Amino acid sequence: MEIKTIFTICSLILTAAFIICYLYQFFYIFWVFIGKDKSKPIKSDKLNKFGVVISARNEAAVIGNLLESINKQDYPSELIKIFLIADNCDDNTADVGRQHGAIVLERNNKDLVGKGYALDFLFKKLLAEKDDCDAYIVFDADNLVDKNFVKEMNKNFNRGYKALTSYRNSKNYETNWISAGYSLWFLREAQYLNNARMRLGTSCAISGTGFCLSREIIEANNGWKYHLLTEDIEFSVDMAIRGEMIGYSAGSVVYDEQPETFKQSWNQRLRWSKGFYQVFGNYGKKLFKGIFSGKFACYDMLMTVFPALIFTVLSVLCCIGECIYGITVFVENPAFSNLMLFCVLPLVYFSSIIYMLIFVVGFITLVTEWDVIDCPPKKTIKYLFSFPIFMLTYAPIAVAALFKKVEWTPIQHSVSKSIDEVGKGNSGNNDKE
């Protein structure tokens with residue numbers, strides 16, 4: 001068999017395997033439109049007491065806006081307690097927190113660095129002090145919160161879920177193709193992953209920020225025991241393995257700040273990719289066992305942490321191998337047809353298929369979520385075409401994560417907006433250039 005044929009067969013197998021593994025996520029899209037809602041019914045109208053938990057490291061520029069948005073909640077203020085962990089701060093984050101009514105705890109630990117350790121520090125303290133909150137909502141310091149966030153979270157908490165995730169929008173969608181790429185992906189994740197999962201009656205996944213944890217979960221784990229580079233996915237995987245369902249609160253909208261430079265994006269997604277490998281290494285065996293015991297959520301989480309990255313790495317290596325072989329053929333016989341056949345066409349073939357699949361997903365998300373995207377219409381459409389390119393940049397990141405040592409590092413946040421400045425959507429952007 002010719003080397004060219006071997007590479008072609010490998011590419012076809014990888015493409016087919018990728019589509020087969022993720023075909024269920026296209027089914028998710030259809031279920032959102034036509035499927036029956038199988039989510040748990042609301043069991044009571046109790047007004048629960050929530051502790052809002054924020055871990056912040058040198059976030060004085062943005063933390064005040066988040067705290068103001070929390071203080072404006074359409075929910076009884078006596079049922080909301082704000083806990084701010086000023087984690088290894090060198091600025092006045094703690095002072096800003098106190099000025100806005102937060103209970104501030106200052107933590108200084110240069111050895112155990114990261115959000116997971118900060119959360120564990122706080123939750124262990126609250127358990128020791130027998131705090132009276134029914135549940136805890138976790139935000140990042142750069143977030144803004146819709147006024148109905150807690151009210152909607154309370155409604156869905158009363159369905160009986162021990163953990164809930166929220167609708168993740170962005171406060172800087174319009175900045176450039178990088179922030180828009182993140183933003184569109186998180187909108188898709190909310191509407192066509194977590195929303196679909198909830199409606200299907202399977203477990204959702206928390207995603208970094210805007211999630212709710214019952215006191216029962218905190219007590220069972222004796223704090224927060226998840227310390228891999230992607231502690232949110234680690235928690236979601238652990239819940240799936242244990243058969244615990246994570247719910248979704250569609251009306252709880254959080255606005256997140258996305259990275260705006262490729263360097264920031266590279267470092268963040270490198271950490272995510274490494275974290276996915278870590279989660280698979282630590283929980284992969286249990287996920288496989290869960291799949292064979294009939295837990296669909298385990299399959300869903302396995303698809304989240306493993307195949308996409310591995311398929312990407314293998315496909316990149318296959319394309320590189322084919323190109324190297326093509327170069328040797330071209331050197332021996334420098335014909336234009338050899339250059340096209342062995343170097344250009346394989347890359348175009350693979351990239352175009354992946355580009356179109358991602359584009360379709362982005363297009364569907366853009367159409368249905370158009371009214372909540374806070375970006376001028378022309379830019380919104382332009383960034384749809386760059387969205388697949390943004391996603392394809394995961395390929396070199398996934399490869400680098402295999403070999404590079406990665407540690408948690410903070411991302412600088414500087415988009416200082418109030419809650420009144422976001423959430424207008426495209427309906428409020430028609431007059432912008």
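Please refer to the structure higher up on the page.
Residues numbered from 1 in each chain as written. Predicted model: local features only at pLDDT ≥ 70, side-chain atom pairs only at ≥ 80, totals over all residues. Heavy atoms only, no water.

Turning our attention to the overall build of the protein. For the protein, the count of helices and strands is 14 helices and eight strands. Expressed as a percentage of its 433 residues, the buried residues of the protein come to 55%. Pairs at least 24 apart in sequence give 82% of the contacts found in the protein among residues at least 6 apart. About 18,900 Å² of surface is accessible on the protein, with carbon and sulfur atoms providing 61% of the total. (Helix = DSSP H or I, 4+ residues; strand = E, 2+ residues; numbered from the N terminus. Buried < 20%, exposed > 50% of the residue type's maximum accessible area, 1.4 Å probe, protein only. Contact = heavy atoms within 4.5 Å. Areas by Shrake-Rupley, 256 points an atom, 1.4 Å probe, with all protein chains shown as cover.)

This brings us to the nonpolar core. Grouped together as the largest cluster of nonpolar side chains are 113 residues, with contacts concentrated most on Ile54, Ile70, Phe123, Phe139 and Phe235. For this core, the element with the most residues is helix H6 (residues 177-200), which contributes 11 residues. Setting aside residues up to four positions removed in sequence, Ile70 forms contacts with Val52, Ile54, Ile80, Ile82, Phe139 and Val145. Grouped together as the second largest cluster of nonpolar side chains are seven residues, Leu229, Ile397, Ala398 and Ala401 included. (Core = buried A, V, L, I, M, F, W, Y, C linked by side-chain atoms within 4.5 Å.)

This part takes up the environment of Ile63. Here Ile63 lies in helix H2 (residues 60-71). Counting along the chain gives 80 residues from Ile63 to Asn143, while the straight-line C-alpha distance between them is 8.0 Å. Among residues more than four places away in sequence, those in contact with Ile63 are Ile54, Leu84, Thr93, Val96 and Ala141.

A few words now on a nonpolar patch on the surface. A cluster of nonpolar side chains, namely Leu314, Leu317, Ile320 and Ile324, defines an oily patch on the protein surface of about 360 Å² accessible area. Within the secondary structure, Leu317 sits in helix H11 (residues 307-332). (Patch = residues over 30% accessible without salt bridge, like charges linked within 9 Å, V, L, I, M, F, W, Y side chains within 5 Å. Salt bridge = Lys/Arg side-chain N within 4 Å of Asp/Glu carboxyl O.)

Counted by the stated rule, this structure contains 23 salt bridges. For Asp420, the salt bridge is made with Lys72, and the minimal N-O distance between the two is 3.3 Å. In this pair, Asp420 sits in the segment after helix H14 (394-403) while Lys72 sits in the loop between H2 and strand S2 (80-87), placing the two residues 348 residues apart along the sequence. Residue class for Asp420 comes out exposed when judged on its relative accessible area of 54%. Taking the relative accessible area as the measure of exposure, Lys72 reaches 43% and is therefore partly exposed. Of the charged contacts, one joins Lys124 and Asp120 as a salt bridge, the two residues approaching to 2.8 Å between their closest N and O atoms. Linking Lys124 with Asp120, this pair stays in helix H4 (residues 115-128), spanning four residues, or about one helical turn. The class of Asp120 is buried, set by a relative accessible area of 14%. A single network of salt bridges, built from pairs that share partners, joins Lys49, Lys81, Asp131 and Asp132.

What is shown is where atoms sit, not what they do.
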